[in-house]
Amino acid sequence: MISFNKVSKVFPNRQVALQQVSFEINKGEFVFLVGPSGAGKTTILELITCEEKPTTGMVSVAGRVVNRLKPSQVPYLRRNLGIVFQDFRLLPQKTVYENVAFAMQVVEAPPSLIRRRVPLLLELVGLHRKANDLPQQLSGGEQQRTGLARALANDPLLLLCDEPTGNLDPETAWEIMNLLVQINNSGATILMATHAKNLVDRMKRRVIAIDAGHIVRDDYRGGYS
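A short note on the packing of aromatic side chains
Counted by the stated rule, this structure contains two aromatic pairs. On the basis of an interplanar angle of 15 degrees and a centroid distance of 4.6 Å, the ring pair of Phe4 and Phe23 is categorised as stacked. Highlighted residues: Phe4 in strand 1 (residues 2-10) and Phe23 in strand 2 (residues 16-25), separated in sequence by 19 residues. The exposure class assigned to Phe23 is buried, which follows from its relative accessible area of 6%. With 5.2 Å between their ring centres and 50 degrees between their planes, Phe30 and Phe32 make a pair best called tilted. For the pair Phe30 and Phe32, one class covers both residues: buried. Over the aromatic face of Phe85 sits the side chain of Arg89, whose NZ or CZ is 4.0 Å from the ring centroid.

Structure representation (structure tokens):
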């Protein structure tokens, strides 16, 4: 599903973000990406989504070498990706329903499919009664649930989560984690960058630890440290 082969990333200011990073994530895995701020976690996610390109090495997603894609091909790659952000990034003028539907509209999904799928996604994340609410009417947990439904809108092969529980209280964070486990059990591959030590330690999933641009640990059924 994801392959990094001796990937390095050096930014124009000569900041070295990654150095000779190699790992593989198989279809259906749930993997935590951990490490201190500035370690390289966000750079890894940006290389997967093709927001950045590696300086050296090769990044593959679902069998496609993403650093060789033409700009016109990048949107088709991203259709197979769902992204959940720490700060939700919902459209404030759109309702819960409209935020999720918009993710399908931008890929030109048929209106009939949107009408069928969005209610199912809102039911999945427990927001079917909030469909007509605006983001500012929601709690932080409800906003993140909306973000999760939006990330799932186009049935992605891979779900990337960038600190999805960072702005949530512990109880709500666990609710989001339980949803992610449910989604993973249905077949989605999940890569989650996080600082949430308690969640990682309790989940006992695969943990890739990165520090100063190097992978320092890759443990199956591991902990945060």
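Side note on the sheet that holds strand 5 (residues 64-65)
The strand order across the open sheet formed by four strands is 2-1-4-5, and the pairing between neighbours is antiparallel. Single-partner strands in this sheet number two, and they are strand 2 and strand 5. Summarising the sheet, strand 4 (residues 56-61) and strand 5 pair through two bridges and their orientation is antiparallel. By the bridge assignment for strand 5, Ser60 is matched with Val65. Running over the sheet, helix 1 (residues 41-48) touches strand 1, strand 2 and strand 4 and is turned about 115 degrees from strand 1.

Focus: the nonpolar core
Counting residues in each nonpolar core, the largest one holds 46 residues, and the members touching the most others are Phe30, Phe32, Leu159, Met177 and Leu180. Considering every element that reaches this core, the biggest residue donor is helix 6 (residues 170-185), with eight residues. If sequence neighbours within four positions are ignored, Phe30 has contacts with Met177, Leu180, Val181, Asn184, Ile190, Met192, Met203, Arg205 and Arg206.

Cut-offs applied
- Residues numbered from 1 in each chain as written.
- Predicted model: local features only at pLDDT ≥ 70, side-chain atom pairs only at ≥ 80, totals over all residues.
- Heavy atoms only, no water.
- Phe/Tyr/Trp six-rings, centres within 6.5 Å; stacked < 30°, edge-to-face > 60°.
- Helix = DSSP H or I, 4+ residues; strand = E, 2+ residues; numbered from the N terminus.
- Buried < 20%, exposed > 50% of the residue type's maximum accessible area, 1.4 Å probe, protein only.
- Lys NZ or Arg CZ within 6 Å of the ring centre and 35° of its normal.
- Pairing = 2+ DSSP bridges.
- Contact = heavy atoms within 4.5 Å.
- Axes fitted to C-alpha atoms, helices over the stretch in contact; angles between N-to-C directions.
- Core = buried A, V, L, I, M, F, W, Y, C linked by side-chain atoms within 4.5 Å.

That's the geometry; what it means functionally is another story.
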